[in-house]
Structure formats: structure tokens, C-alpha cells
2 protein chains.
Amino acid sequence: MAVLDHKGDKLDIRIMKQVPKVIFGRGSFKKLPEVLSDYRSDGYIIFFVDHAHKKTGIVDQIPAEKDDLVFVIDTTSHEPKTDQVDELRDGILKTKKGNLPALIIGIGGGSAMDISKAVSIMLTNEGSSKLYQGWDLVKNAPIRKMGIPTLSGAGTEASRTTVLSAVDKKYGINSDQSMFDIVMMDPDLLDNVPEGQKFFTGMDCFIHGVEASEGSYINTFGSAYAKQSIELCTKVFMKQGGTNDDLMVASFLGGASVTNSEAGVVHAMSYGISLVLGYRHGLANCIVFRQLEEFYPKHVPVFFKMLELNNIKLPDGVTKKVNKEEMAVMTKMTYRMARPLTSALGENWKDILTEEKIASLYAKM
Amino acid sequence: MAVLDHKGDKLDIRIMKQVPKVIFGRGSFKKLPEVLSDYRSDGYIIFFVDHAHKKTGIVDQIPAEKDDLVFVIDTTSHEPKTDQVDELRDGILKTKKGNLPALIIGIGGGSAMDISKAVSIMLTNEGSSKLYQGWDLVKNAPIRKMGIPTLSGAGTEASRTTVLSAVDKKYGINSDQSMFDIVMMDPDLLDNVPEGQKFFTGMDCFIHGVEASEGSYINTFGSAYAKQSIELCTKVFMKQGGTNDDLMVASFLGGASVTNSEAGVVHAMSYGISLVLGYRHGLANCIVFRQLEEFYPKHVPVFFKMLELNNIKLPDGVTKKVNKEEMAVMTKMTYRMARPLTSALGENWKDILTEEKIASLYAKM
């Protein structure tokens, strides 16, 4: 299906992959054992859970049975890496003597869910996960997988990408095989998220909506999802009575909107910040977004208002100590993001976002 | 999964089934041969196409190959019936000596798509389709199916129901098995829809959005979909520059919103009108809706404005010749719709919608 692929040559026609089954509602996490009973006859289950949930108690509520595997994932020291995924895969195959699981579950934010997505793909595809970073490179059908967000914003639960960092790049496995088969959304699970983290991850969602809707790659579908996502995010972060339910749905629709459009200048530049300086994605986006009023004149002022209302102070001068080589890596990373930059700035984006321009924008951050 | 089913006992937790793959864009219908090439190795394909497309030329564009079956469905003389579905199923099994198709495709409005959904289920489930009208009664996995709407509004392309009329009732096969596996949405296909038909089917969508969002069964997800659906419908029928793209997405989101809520008083009463008087669904809804301002005070005035702007005149006195027995059938039909009526009016809906009240409302129509 060359013409109908996701590679973006033919943008008049888009394929939208949707999560086929979504379980939504407060208290649904408690019903997980019932949901899993449909899969147990097919084999064991692997759980990847964010290490933050050792504290929140969610780790103790995981309904693991005797042959299941539970991995507690450290998402603080770094975002998901290709080497990390490859090692997890090799370890599982060794432990289980090549016996594949019936289901893989990711419980956490974008990082834990991305780990679960990546391992589900890598258990059935040979070589390193590096080989599959890009568009539509995955060959074999993955293990079935389920996402349970406990942090909302990144939209990982609804997106067809799995973002991994290798040494020289941060790049997605963009593939239908990255989609979850089931997503369970229980707003109760957001109750323990620290306010700061909630804000930065929520801004990932707001920025997805802004980039998707302002990009030329948008269609009527993407626009409908982006609008609602922005509206719900605004309700939450402009303190208009938005709840965790709203934030959870906003995140899902934000992920879905990007499928029908593309990210934009913010993501193109924030990947560089994360790669070289190690800032986490949500914060990196914020550091970039506040300097991009010239590209997003309608939304950056709203963002400043959100910072104020939520008492968030962003770090200044984060690129101060970046040397020439590092700047080159950051610029190269930005230049890899041709698709989002074309959507945001047009075919001639390189004329607008010259190397000097990128350097001067980074310098302000 | 007793607790997590769709039967509505536990409305705090909902399962939302989504179409896993949506192909969207002008010109996508021309790419159908490419899409089908992914399925051809698994067997033959059955096409159900609305007979209106003998005139529009779509019938001639169907990429059927030698073992495929093409059924042109008369959707004017009546809406899909259980007997009709059973006969189609028996005929296919006889012709193909029990050999099942790789894919079933419905091309048309709600009727042609519902026929394709019903046959996909009935080819793998025994007995009459009457047996499966209700909630979650389908036993076996159906044949894979694809919906290609050429008339937008009913939301059939995104819904988990297949509406069929039997002798004494009009009722849905409400089941995950009623969901399409793929939907192709090509706004070009709406170009030849007569304005009147476009209006009445479009109003089905508007009314879905209204009923879903005003019902107590709504959740944050359903609300997001319903809002966008109403907004896009309004853009089209309040003549605010809405396009066929907008109407197509509105219909899809309207179908999705009902999955996360329920229909309401309009659908509960319009089924009676269709069943006894034979009015088509979209028109029957309109006949009912204009008399229900007491239940939908915010939206019925908008509907009157839409009638005016689109030069639509509804028939008067349609129930004039209804006799006592027929009124009893219509009332009984309305009373079967406990779920939508509970969502709309609360647990004690029978105290509000007494038999006398129903009769007096019908009498006004």
C-alpha cells in the first residue's frame, strides 16, 4: 500500500490507527484481574511499571500471577533508550527460554508505556531496536499490549510512535505496531501525580494540540481531536474547573490528533535539548515553547498565563554551557525532524529555520 | 468480564470500542484496489452497495474480481430486516458452498453498512439474526468488515450496533462484533447526495450528539466526541461554511459519542414511528424531535432554525390515521428503550413518560 502509507508523500489521504478498545472510568484499575482473565489462557503476562509506583502503592496492586514478570522501570535517570529495550528483550527471552508472553502491560507515563511498546515489538523482531527507529520499518506483528497511563499528557496511550533515545538521536518507532491493543484509563490513578510533573506532562499535550492544529498536515479529523484536546487542557491549566478525567481524555485526544497531523517546531527543537542536556521531554518542550512566540503567536501568551496560574518557574540559561560540538548535535537533531518542520513551516522550512536561526533560538533558552 | 460489559449496570466504567483503522481523505475510494490487495490472498470479497449508486456510478467503480460477490441493496422500500439478512446469509453460503469470504464491504448509508455488518456476523453465527438483537448476544467472531459511507449522519461507521427491523421490533445487535475493522471515509463520495437526504441523515448525527451529551450516561470521552460532532454539524446545517469533510467527521464522532453515552427520548420514540408508519430513520427522528422541546430546550430551537435555513418542510399529522392497536405497538416499542430513556430521564423515566404522555406526544406528530 505504497500510496496509503504514513510516510507523508500523499497527505491528502491519511491512515488513522485507533486504539481498538478503551476502558474508561474511575475504579477501572481495580477490575484489571477481570480484564486479564481473557488473556491468561494464552500465556504469561509482562508488566512494566514506573518506579514512582513503589511509593504510590500501585506496584503492590499489580495482579501478577506466578509465571508473570514484573519490571519496575527507572524513568527518572533517563528516558527510554534503545540499549535498555534490547537488554530487556534479551533478558526476557533468556528467562522464559524463548517462550513469548500473551500480553505486555505498561503502567506509568510516556516512558513506562514506551518501554512496553518497544519490548512488545522487539520480542518478535530481530536485531537492535535502533533498526526500527523511523517510519514503518517494523516487519513482524508484535505481542499484544495494553497501556495504563498514570501520568497524562504525552499521548503515548493513543499514538503510533514509540520514542527511544539512541546515542546520537531521539527518534520514534513510527509504526502501526506501536499502537496499543487496549488502553485502560482510570482517572483515580492520576491522584498522586506531583503538581509540577502534572503541569509539564500536561503541557506536552497542550503543545501537541497547538502544533497539530497549526500545522499544514492537519485534516478535519485531526482538527476535531486537537480542538477538544486543547479545550480540555485549557480547562485544567487555566484553572477553569478541569479534572483528572479531563486531563486524561485530553492526553488521549492529543495523541490521536498528532496521528492526523504532525508535531511542529517545539518538538523539533526540544528533542535536541533532551538529547544533549538530558532535560525530560515535558520540561524541554516548555523551555523551547516560551521562545517560539513568533511561530505560535496565539498560544504562547496562553502558555505564559498557565505558567503563572500554576506557579511554575522555568529554568533560565539552560544552554549557557553548551559547547560548539553539542550545539552541532542539537542542530542536527532538529534537522532530522523534516516532517514536523514541513508541516509547521512549509516545504522551504530550511530557509526559515537556518542553522544560525536555530543557534540563536537555542541561545535564548 | 461481567462488570466491564456494555450492559450498563456499572456505568462508572465503560468500554469504548473504536474502529482500529480509518482511511480518511478525498480520493481515497480510488485507492480501494490497493487497500484490498492486503486481503485478497485470504479469499473472496463481498460488496453490499446501496442501489442509489447504480445512478451515481459508484457501482461501476467497485473493484470486484472474479470470485467476489456484489449485492446491490434496495434501501428505499424498507430499512434492513432480519429476514433479509438471514436470506442473504443463506444465499451466500449456498453459492459459495460454505466457503467464507476474506472481507465484507458495505458501501452506502446506514442501511447498506448495517446489512454488511449483520451479514458479517451471521456468516459465523447460527440461526436467525433475530436471536442476536439485544446486548452482547453474539457468540462467534465475525468476518472482517469495512465500511465506506456515502451518506453521513447515522454514525454506523463508528458504532457498535447493527440496527435491524423484525416484525414487532426495530432493535440493534449491540456487540463488539458489530464494529467495522476498517472504515474508509472519502468526502468526495458525498457529492451526489440529494440535499433533503443529506439533511435528514445529518440530523440523525445532530440528534445523536444532543441525546448523548444531555444524557446522564455521558462521560468525559463521550462528551468530547459529542461536542465536536455537534459543532461540525452546526457548521454544516447552520450554513457556516461546513463542508462534506466536516459532515463526514461529525457523523463518525456522533457514532463514537453514543458508545460513551446513550441515545435518548428522540430515538426511543422515532423507532415506533419507523416501525408502524415506515418513515425512514432520519425523517422519523426529525418528526419526533420538533415535538420534544420540553426535553431538549436548548437544541430544538436550533433545529427549527436549521429546518428554515435548509428549506425543509416536515410532514404534519403523520399519526392521524394510527389506530389503537398500532399506537400500542408504538408505545411498546418506546418502552423497550429503557437504556436511552434512563439516560435521558433518570431511573423513574416511566413516571415521566407515562403511556398517556407517549400517546399525547405521538398525537402531536
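Residues numbered from 1 in each chain as written. Chains lettered and ligands numbered in written order. Predicted model: local features only at pLDDT ≥ 70, side-chain atom pairs only at ≥ 80, totals over all residues. Heavy atoms only, no water.

Engineer: What exactly am I supposed to notice about the nonpolar core here?
Structural biologist: In summary, soluble globular proteins display a tendency toward joint burial of nonpolar side chains. Core analysis: the largest hydrophobic core is formed by 144 residues, its most contacted members being F199 and F221 of chain A together with F199 and F221 of chain B. In this structure, F221 of chain A is in contact with M16 and N260 of chain A together with V22, F24, M185, V249, F252 and L253 of chain B, ignoring residues within four places of it in sequence. (Core = buried A, V, L, I, M, F, W, Y, C linked by side-chain atoms within 4.5 Å. Buried < 20%, exposed > 50% of the residue type's maximum accessible area, 1.4 Å probe, protein only. Contact = heavy atoms within 4.5 Å.)

Engineer: Quick question: what am I supposed to make of the domain arrangement of chain A here?
Structural biologist: It is common to give the size of an interface as the accessible area that goes away when the parts come together. All names here are of chain A. Partitioning chain A into domains gives domain 1 (21-193) and domain 2 (197-363). Summarising the inter-unit geometry, the C-alpha centres of domain 1 and domain 2 are found 24 Å apart. Opposite the 32 residues of domain 1 that make contact, domain 2 presents 26 residues. Its largest share of buried area at the contact with domain 2, domain 1 owes to S152, G153 and K170, together 21% of the area lost on that side. Linking domain 1 to domain 2 there are one salt bridge. At the surface where domain 1 touches domain 2, the tally comes to ten residue pairs in polar contact (both at pLDDT 80 or more). Looking at the side of domain 1 that touches domain 2, the elements that each hand over two or more residues are β2 (21-24) and β9 (170-174). Residues belonging to the side of domain 1 that touches domain 2 are distributed by class as follows: 15 nonpolar, eight polar and nine charged. (Domains from an automatic or database assignment. Buried area = accessible area lost by both parts, 1.4 Å probe. Salt bridge = Lys/Arg side-chain N within 4 Å of Asp/Glu carboxyl O. Polar contact = N/O pair within 3.5 Å; in protein donor to acceptor, adjacent residues only side chain to side chain. Helix = DSSP H or I, 4+ residues; strand = E, 2+ residues; numbered from the N terminus. Nonpolar A, V, L, I, M, F, W, Y, C, P; charged D, E, K, R; others polar.)

Engineer: Is there a simple way to think about the sheet that holds strand β7 (residues 145-149) of chain B in this case?
Structural biologist: As a general point, the strands of a sheet are linked pairwise by backbone hydrogen bonds and lie either parallel or antiparallel. What the seven strands build is an open sheet, ordered β1(A)-β2(B)-β10(B)-β7(B)-β5(B)-β3(B)-β4(B); its pairing is mixed. Looking at strand neighbours, the two that pair on one side only are β1 (14-17) of chain A together with β4 (69-73) of chain B, the edges of this open sheet. Along the sheet, successive strands turn relative to each other by an average axial angle of 15°, direction set aside. Across the sheet, helix α3 (residues 82-95) of chain B lies against β3 (45-50) and β4 of chain B, angled at about 160° from β4 of chain B, the strand it touches most. (Pairing = 2+ DSSP bridges. Axes fitted to C-alpha atoms, helices over the stretch in contact; angles between N-to-C directions.)

Engineer: I would appreciate a short explanation of the relation of the copies chain A and chain B in the present structure.
Structural biologist: Two copies of one chain are present, and they are related through a rotation about an axis combined with an axial shift. Expressed as a screw operation, the relation of chain A to chain B combines 0.0 Å of axial shift with a rotation of 180°, fitting to an RMSD of 0.0 Å. Those values place the two copies in the arrangement expected of a two-fold rotation axis. Minimal C-alpha separation from the rotation axis in chain A is found for P20 of chain A, amounting to 2.4 Å. A share of 100% of interface residues in chain A that are also interface residues in chain B marks the association as one of identical surfaces. (Least-squares fit on C-alpha atoms with pLDDT ≥ 70 in both.)

Engineer: Looking at this model, I keep getting lost on the interface of chain A and chain B. Mind explaining?
Structural biologist: The interface of chain A with chain B comprises 40 residues on the first partner and 40 residues on the second. Summed over both partners, the interface of chain A with chain B comes to about 3600 Å²; 63% of that surface belongs to carbon and sulfur atoms. The interface formed by chain A and chain B contains two salt bridges. As a salt-bridge pair, K227 of chain B and E231 of chain A come within 2.7 Å of each other at their nearest N and O atoms. Counting across the interface, chain A meets chain B through ten residue pairs in polar contact (both at pLDDT 80 or more). Secondary structure elements with two or more residues in the side of chain A that touches chain B: β1, β2, α1 (32-36), α6 (220-237) and α7 (244-259) of chain A.

Engineer: For this particular structure, what's the right way to read helix α12 (residues 338-345) of chain B?
Structural biologist: Count 3.6 residues to each turn of an α-helix, and residues three or four apart come out pointing the same way. Residues and elements named next belong to chain B. Across the eight residues of α12, six count as buried, placing the element largely inside the fold. Here α12 has its buried residues at R339, P340, L341, T342, S343 and L345. Contact partners of the buried residues in α12: β1 (14-17), β6 (134-135), α8 (265-277), α11 (324-336) and α13 (349-352). Looking one or two residues past α12, G346 carries a phi angle of roughly 95°, positive in sign.

Engineer: Would you take a moment to explain the packing of aromatic side chains for this structure?
Structural biologist: For any pair of aromatic rings, the description consists of the separation of the ring centres together with the inter-plane angle of the planes. Counted according to the given criterion, the structure contains 25 aromatic pairs over all chains. Ring centres of F24 of chain A and F221 of chain B lie 5.4 Å apart, and the angle between their planes is 85°; on these two criteria the pair is classed as edge-to-face. With F24 of chain A in strand β2 and F221 of chain B in helix α6 (residues 220-237), this pair bridges two chains. By the burial criterion, F24 of chain A is buried, and F221 of chain B matches it. An angle of 65° between the planes, with centres 5.4 Å apart, marks the rings of Y335 of chain A and W349 of chain A as edge-to-face. Of this pair, Y335 of chain A sits in helix α11 (residues 324-336) while W349 of chain A sits in helix α13 (residues 349-352), placing them 14 residues apart in sequence. Residue classification places Y335 of chain A among the partly exposed residues on the basis of a relative accessible area of 22%. The structure contains a cluster of three or more aromatic residues connected by ring pairs, namely F24, F221, Y225 and F252 of chain A together with F24, F221, Y225 and F252 of chain B. Positioned over the ring face of Y44 of chain A is K96 of chain A, at 4.1 Å from the centre of the ring. Above the face of the Y271 of chain A ring, K170 of chain A is positioned so that its terminal group lies 4.6 Å from the ring centre. (Phe/Tyr/Trp six-rings, centres within 6.5 Å; stacked < 30°, edge-to-face > 60°. Lys NZ or Arg CZ within 6 Å of the ring centre and 35° of its normal.)

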